[in-house]
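Understanding the architecture of this molecule
One letter stands for each residue in the lines below.
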Amino acid sequence: MRRRAAEYRRPVRRRYSLWIWVLLGMFLIAGLVLFVFHHNQHEDRVEQRKSRADLVNHEGLNFTKEILSPSSFSRQLSEQMTLAKAYVIIAKEHNNLHLAWELSKRIRSCQLLLSKAAMRGEPITAEEAEPVISSLSYLIFKAQDSHYDIATTIMTMKSHIQALEERANAATVQSTVFGQLVAEALPKSLHCLKLKLTTDWLSKLPLQALAKENVNSPRVVDNNLYHFCIFSDNVLATSVVVNSTISNADHSKQLVFHIVTNGVNFGAMQAWFLTNDFRGAAVEVQNAEEFSWLNVSYAPVVKQLLDKESRVFYFGGYYEDISVEPKLRNSKYLSLLNHLRFYIPEIYPQLEKIVFLDDDVVVQKDLTQLFSLNLHGNVNGAVETCLESFHRYYKYLNFSNPIISSKFDPQACGWAFGMNVFDLIAWRTANVTARYHFWQEQNADRMLWKLGTLPPALLAFYGLTEPLDRRWHVLGLGYDMNIDDRLIESAAVVHFNGNMKPWLRLGISRYKPLWKRYINESHPYYGDCVTS
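Residues numbered from 1 in each chain as written. Predicted model: local features only at pLDDT ≥ 70, side-chain atom pairs only at ≥ 80, totals over all residues. Heavy atoms only, no water.

The next thing to look at is the pairing of strand 4 (residues 353-357). Among the five residues that make up strand 4, five are buried, leaving the element largely enclosed by the rest of the structure. Residues Lys353, Val355 and Leu357 point to one face of strand 4 and Ile354 and Phe356 to the other, with burial holding for every one of them. As paired elements, strand 1 (residues 226-231) and strand 4 share two bridges and run parallel to each other. Within strand 4, the residue paired with Phe228 across the bridge is Val355. By the bridge criterion, five bridges tie strand 4 to strand 7 (residues 419-423) in an arrangement that is antiparallel. Across the sheet, residue Val355 finds its bridge partner in strand 7, namely Val421. (Buried < 20%, exposed > 50% of the residue type's maximum accessible area, 1.4 Å probe, protein only. Helix = DSSP H or I, 4+ residues; strand = E, 2+ residues; numbered from the N terminus. Pairing = 2+ DSSP bridges.)

In structure tokens:
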């Protein structure tokens, strides 16, 4: 029987076998995909377990506790490293640079080992620590064998600390000295103003004639008027005090200002106050050098001011005795103007009551109410400053001296110069000036107090001071940058006590407008000197 041709054969079997192969291939591919997927998922789970285990181990190690533990290698390494650092300094000082280099190398190895332990979160093992500890111990023993013992280490460290303290103290003193020098210096603008005014005084005879007419004015001795005294050699500062007092007074024509200056500034002061308008207030200018009664035989302070040792103390240099604060060497203490406040009854023998103002104050309220205050028989009305503990008597005076400790209370409250109302009748009755002379003579060797006018005033006016409301006199604008604005606004007088005077560049900018608003900027010399 003949076979049929190929095209006539039935292809059924071949079709079934093809589908079988296709299905087998698909199953194989699916199995491969499932295998890969499960394998990757298993690896992720293993990695997560490892990371969790690492996290648990890392969180489980508190490296701070580890390094503080007395039995840990970390603590031993840390202590050896600290000791090695000290020996590095000592070795360098003894010029043993090789030992210093070896110690520094081992210190770096120690730091690296501690850093690795902290990063991996596991304690340092004995195998890791022993090589470093042994090598570091050998070098420390070598340093000790070179006589770099603990006592030497301690002494070296103490000397380093002492040297640093001395450098810091020297820098502080130097800074204070420079600040003091700036505060004492007269700005060029004020020097220019003084020269121009002095030239006017010497060249314009009508000014001198007008000054002579004012000398015998009945207003300067009229006790029905309000009298203020200012002792200063600063023309612009004095004019601000006068202007601010007049601007805030209800009746400016009832005010009388008594200004005392030195011979150098007398002409400039006269020229300024004779050529400016002060709203009808009377202004008297006197020369302190014309007070013939204020001499060596009467005033102990004059003798002390002329004393050679005193002048050397003030002008001999700031660094000769570092135990004395630079601010106490201020040359203003050698100025007679600074001590005239103790001779007010002698300067104005016909007056009964007067208000003393420093030249670095600004008046913001009407001060005529001070004259109606009841001082209860006391001589001095002043604002107390003992809200701070350092303004007690024991901070100003030497209470180790029996003459001080037997007469005064160390906890007595101090008070401030700058704005004071004086009952001159009570002053003369209590003879306060004689008390001042007594204490000046007792302090000829400067053993009762160092310097300044406030310590002798605390002694002379002891038991004779009436405390005033704090708002009459607010201090600190020359050094304190954080005075409450409300306190400043409520103050009758603000005081720029301190080195940062408002006419200096180093003055506190926040407070300068309080002072500048009372400058007579319309005066031609102000524009020529100060503005330019």
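Pairing in this open sheet of seven strands is mixed, and the strands run 3-2-1-4-7-6-8 from one edge to the other. Across the chains shown, the open sheet's two edge strands, defined by having one partner strand only, are strand 3 (282-287) and strand 8 (465-467). Averaged over neighbouring strand pairs, the angle between their axes works out to 25° when direction is ignored. Contacts from helix 9 (residues 235-247) reach strand 1, strand 2 (255-261) and strand 4, with the element oriented near 170° to strand 2. Its contacts with the sheet place helix 10 (residues 263-274) against strand 2 and strand 3, and it is angled at close to 165° to strand 3. (Axes fitted to C-alpha atoms, helices over the stretch in contact; angles between N-to-C directions. Contact = heavy atoms within 4.5 Å.)

What follows covers a nonpolar patch on the surface. On the surface, a cluster of nonpolar side chains totalling about 700 Å² of accessible area is made up of Leu18, Trp19, Val22, Leu23, Met26 and Phe27. Within the secondary structure, Met26 is located in helix 1 (residues 12-60). Exposure remark for Met26: the relative accessible area of 53% places this residue in the exposed category. (Patch = residues over 30% accessible without salt bridge, like charges linked within 9 Å, V, L, I, M, F, W, Y side chains within 5 Å. Areas by Shrake-Rupley, 256 points an atom, 1.4 Å probe, with all protein chains shown as cover. Salt bridge = Lys/Arg side-chain N within 4 Å of Asp/Glu carboxyl O.)

It is worth spelling out the packing of helix 9 against helix 10 at this point. Close contact between helix 9 and helix 10 brings their axes to 10 Å; oriented N to C, the two are set at 35°. Handedness of the helix 9/helix 10 crossing: right-handed. Contacts between helix 9 and helix 10 involve Val235, Thr238, Ser239 and Val242 from the first element and Ala268, Met269, Trp272 and Phe273 from the second. Broken down by class, the residue content of the contact of helix 9 with helix 10 amounts to six nonpolar, two polar and no charged. (Left-handed = near helix turned anticlockwise from the far one by under 90°. Nonpolar A, V, L, I, M, F, W, Y, C, P; charged D, E, K, R; others polar.)

Note that every value here comes from positions in space, so none of it alone points to a role or purpose.
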